[in-house]
Amino acid sequence: MTLIKQAEKIIFNTIKELGYEITEVTLHLSEHPQYGQFQFNGVMSLAKFAKKNPVIIANEIVEKLKYEKIFKNLNVAGPGFINISFSNEALAEYVNELNNDILNNVEKPEAKKIIIDYGGPNVAKTLHVGHLRSANIGDGLKHLARLLGYEVIGDAHLGDIGRQFGILIYEIKQKYPDLVYFDEKYKGEYPDYSPVTIQELNEMYPMGSKKIKENETILAEVRKITSEIMEKPGYKALWQHIISVSIPKLKEIYDELNISFDLWEGETDAYPYILELIEILKNKNLCYENNGALIVDVAKPDDKTEIPPIIIIKSDGSYLYSTTDLGTILGRMKRFNPDEIWYVVDNRQQLHIEQVFRTAVMSGIVPENVKLEYCGFGTMNGKDGKPFKTRDGDAMKLEDLLNKVYEASLERLNENITDLAERQHLAKIIGLSALKYADLVPNRNTDYVFEIDKFCNLNGKTGPYLLYSAVRVKSLLNKAGEQKINFEKYIGPSDEVESEIIIKLLLMPKILENALNLKSLNIIAEYIYTLASSYNNFYESHIILTETDKNKRGSWLVLSKVVYEVYELILNVLGMEIPDKI
Ligand code: ARG
């Protein structure tokens, strides 16, 4: 059990033994460390209930707690706050436990099975900056939930249908009209290799998109093709080719970002569930026809803004984004039976997600005990406050953004590293950390501005600063190893600077738990920065390797190792890799 939990349990039991009603004890970090490291401020409310002066009760509690050897300096402040500090022995013992296994600092809640829907790339369209946050946040939440013992399935929920395919098939037809896919009489097998490469598709898509904006006839033709993809075998075969040549490219970029998915299912994987979905909605009398379309009312009397009905099937019989999202939920429930499904989708789609969730719950597709969670997020903006664009006004390609960051971090790289290949390798790791950290440190609901110089700075609240801090401890530990210095035992903090690190370590389990509950990585991103700052203060004011007191030196090295392991654990959750040098 983590030290804070042990303390909370002791306080809880003490209060019970004294005969007071209490449901939970939570320790908070003290704002006045001169009086105590932590504070318990639950006495006031329990005193109200007991109809007694809180200061008297607080003193009764402190009197009993004094005999617990994990505490020191217990005192009562103001209207009944209890200030609490941990004894040096308790802190030393705890750090030694962490040295044995850093996972002792991770409190695992009840294990759940969850599906996280994130990334949301669209086949045949290039990944752009708008896809970055969903991938970063979703993948980070996946790592966090796994660290805390959850079983997690991450699904990319690929946009594998829609007008982009109509455009591409149209363009392929223009360029290669004689292909067998366009021969309506053809009855044989289609080739199992694609007639077009990803490069051609990348050129065709913008070309076609431009044409449909300018030419009504082409737009009508593209619409027609789009609606016929599943019916015409030639189109369907081309559709499959387009998907199969696009996915490797998507994977390449996600690999580059250090992001992975367990499932690469698409919107069309929901198709087998749609008839059943409609059946359920009909049986529950939830859907009705409106101008030929099938819709469901999802508004509730206490809605503050208007929530319009959701369209399940369009009047021409075609499916929509909402149809596939609902079908996907039905499929996910049937196949995986998760406890929760989390959607890491841009705030601009909040209404759509809300409509989908309401329909899923009302229809019983998602039973009451299963949670649907929306993890929305703000956009990465340019200096003008609008979503980040290229100079030409298009959304910036994720690949181009990555290259920009790599270049910026290459320029800033230590000149002493001269090997070109090594420089490039390091610039990638550091550049990626700059981008990821900058993306994760703001609260996920807020927008942020892309400021490359700020993100890549080695000083300040940045990814490179964290990597730099981690590399510095790593080389300290390596040097200690080379000099065969023995470090086995932590003996407790020797001063305030050192105590501060320990307090930060004690806070880690709660930070992880809160981050999971709020589905917010920014708490963790902030936390690791404060730990790094505390450790760096210590590192700069203590000369560790040449310390003559061997016990002290060994103790400091143990602490450094524990801090390094926390860096590893948390940077891994945030999707950042620690390089060998910086
Ligand atoms: N492909 C969609 C887009 O680019 C995002 C998908 C989000 N996930 C979902 N289940 N709707 O906007």
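Note that the coordinates shown come from a computational prediction; the quantities given were computed from them, not determined experimentally. (Residues numbered from 1 in each chain as written. Predicted model: local features only at pLDDT ≥ 70, side-chain atom pairs only at ≥ 80, totals over all residues. Heavy atoms only, no water.)

Here we look at the pattern of salt bridges
For step 1, the next point in the chain: Going through the model one piece at a time under the given rule, you end up with 36 salt bridges.
For step 2, the next point in the chain: In this structure, Lys112 engages Glu340 in a salt bridge whose closest nitrogen and oxygen atoms are separated by 3.1 Å. Placement of the pair is Lys112 in the loop between α4 (88-100) and β5 (113-117) and Glu340 in strand β10 (residues 340-343), with a sequence separation of 228 residues.
For step 3, the next point in the chain: Of the residues examined, Lys112 reaches a relative accessible area of 25% and is grouped as partly exposed. (Salt bridge = Lys/Arg side-chain N within 4 Å of Asp/Glu carboxyl O. Helix = DSSP H or I, 4+ residues; strand = E, 2+ residues; numbered from the N terminus. Buried < 20%, exposed > 50% of the residue type's maximum accessible area, 1.4 Å probe, protein only.)

Notes on the sheet that holds strand β8 (residues 293-296)
For step 1, the next point in the chain: Pairing is antiparallel in the open sheet, where 3 strands are placed in the order β7-β8-β9. With partners counted over all chains shown, the strands left at the sheet margins are β7 (287-290) and β9 (310-313), one partner each. Each neighbouring strand pair of the sheet contributes to a mean axis angle of 45°, computed without reference to strand direction.
For step 2, the next point in the chain: Where β8 and β9 come together, 3 bridges link them in antiparallel fashion. Within β9, the residue paired with Val296 across the bridge is Ile310. (Pairing = 2+ DSSP bridges. Axes fitted to C-alpha atoms, helices over the stretch in contact; angles between N-to-C directions.)

Overview of the packing of aromatic side chains
For step 1, the next point in the chain: Following the criterion strictly, the structure yields 17 aromatic pairs and no others.
For step 2, the next point in the chain: Seen in terms of ring centroids, Tyr186 and Tyr190 are 5.3 Å apart; in terms of plane orientation they differ by 45°. Their pairing is tilted.
For step 3, the next point in the chain: Ring centres of Phe388 and Phe450 lie 4.6 Å apart, and the angle between their planes is 50°; on these two criteria the pair is classed as tilted. Pair noted here: Phe388 is in the loop between β12 (380-381) and α13 (398-412) and Phe450 is in the loop between β13 (448-449) and α15 (452-456), with a separation of 62 residues, a long-range link. Grouping residues by exposure puts Phe388 and Phe450 together as buried. (Phe/Tyr/Trp six-rings, centres within 6.5 Å; stacked < 30°, edge-to-face > 60°.)

Describing the site of the ligand
For step 1, the next point in the chain: Around the ligand, the structure places Asp117, Gly120, Asn122, His131, His157, Tyr321, Asp325, Tyr343, Val345 and Gln349.
For step 2, the next point in the chain: Measuring from a nitrogen atom of the ligand, one finds a side-chain N or O atom of Asn122 at 2.8 Å.
For step 3, the next point in the chain: Here a nitrogen atom of the ligand sits 2.8 Å away from a polar atom, N or O, in the side chain of Tyr321.
For step 4, the next point in the chain: The protein chains hide 86% of the 350 Å² of surface that the ligand would expose on its own. (Near = heavy atom within 4 Å. Polar contact = N/O pair within 3.5 Å; in protein donor to acceptor, adjacent residues only side chain to side chain. Areas by Shrake-Rupley, 256 points an atom, 1.4 Å probe, with all protein chains shown as cover.)

Details of unusual backbone geometry
For step 1, the next point in the chain: Look at Asn258: it is not a glycine, yet its phi comes out positive at around 65°.
For step 2, the next point in the chain: Its location among the elements puts Asn258 in the loop between α9 (233-256) and α10 (271-283).
For step 3, the next point in the chain: Phi angles above zero are rare outside glycine, and Lys519 is one such case at about 50°.
For step 4, the next point in the chain: Using a relative accessible area of 6% as the deciding quantity, one classes Lys519 as buried.

Regarding the pairing of β10
Here is the key point about a regular strand: its side chains alternate between the two faces of the sheet.
For step 1, the next point in the chain: Of the two faces of β10, both are covered, the one formed by Glu340 and Trp342 as well as the one formed by Ile341 and Tyr343.
For step 2, the next point in the chain: Here 4 bridges tie β5 to β10, and the two strands are oriented parallel to one another. Within the sheet, the bridge partner assigned to Ile114 lies in β10 and is Glu340.
For step 3, the next point in the chain: In terms of strand pairing, β10 meets strand β11 (residues 371-374) through 4 bridges, oriented parallel. Counterpart to Tyr343 in the pairing with β11 is Tyr374.
For step 4, the next point in the chain: This β-α-β element, β10 to helix α12 (residues 350-362) to β11, shows right-handed connectivity. (Right-handed = clockwise from strand over helix to strand, strands pointing away.)

A closer look at the nonpolar core
For step 1, the next point in the chain: In terms of nonpolar packing, the biggest core is built from 163 residues, with Phe40, Phe86, Leu401, Ile524, Tyr567 and Leu574 touching the most fellow members.
For step 2, the next point in the chain: Contact partners of Tyr567, with chain neighbours within four places excluded, come to Ser469, Ala470, Val473, Ile528, Leu531, Ala532, Tyr535, Asn572 and Ile578.
For step 3, the next point in the chain: With 35 residues, the next largest nonpolar core counts Ile115, Ile312, Met333 and Tyr374 among its residues. (Core = buried A, V, L, I, M, F, W, Y, C linked by side-chain atoms within 4.5 Å. Contact = heavy atoms within 4.5 Å.)

Focus: the side chain of Lys504
For step 1, the next point in the chain: Note on placement: Lys504 falls in helix α17 (residues 496-518).
For step 2, the next point in the chain: Here Ser534 takes part through its side chain, which lies 2.7 Å from a polar atom of the side chain of Lys504.
For step 3, the next point in the chain: Non-local contacts of Lys504, meaning those with residues more than four positions away in its chain, are made with Tyr527, Thr530, Leu531 and Ser534.

Concerning helix α11 (residues 321-336)
An α-helical segment advances 3.6 residues per turn. Residues three or four places apart therefore align on the same side.
For step 1, the next point in the chain: The terminal C-alpha atoms of α11 lie 22 Å apart, and with 16 residues this matches the ideal 22 Å at 1.5 Å per residue to within 8%.
For step 2, the next point in the chain: Looking at the residues trailing α11, positive phi occurs at Asn337, about 45°. (Expected span 1.5 Å × (residues − 1).)

Quick look at the sheet that holds β5
For step 1, the next point in the chain: What the 4 strands build is an open sheet, ordered β6-β5-β10-β11; its pairing is parallel. For this open sheet the edge positions go to β6 (151-155) and β11, each flanked by a neighbour on one side alone. With direction set aside, neighbouring strand axes in the sheet form an average angle of 20°.
For step 2, the next point in the chain: Across the sheet, helix α5 (residues 132-147) lies against β5, β6 and β10, angled at about 170° from β5, the strand it touches most.
For step 3, the next point in the chain: Its contacts with the sheet put α12 on β10 and β11, and the angle it makes with β11 is roughly 175°.

Functional significance is not addressed by these values, which are geometric in nature.
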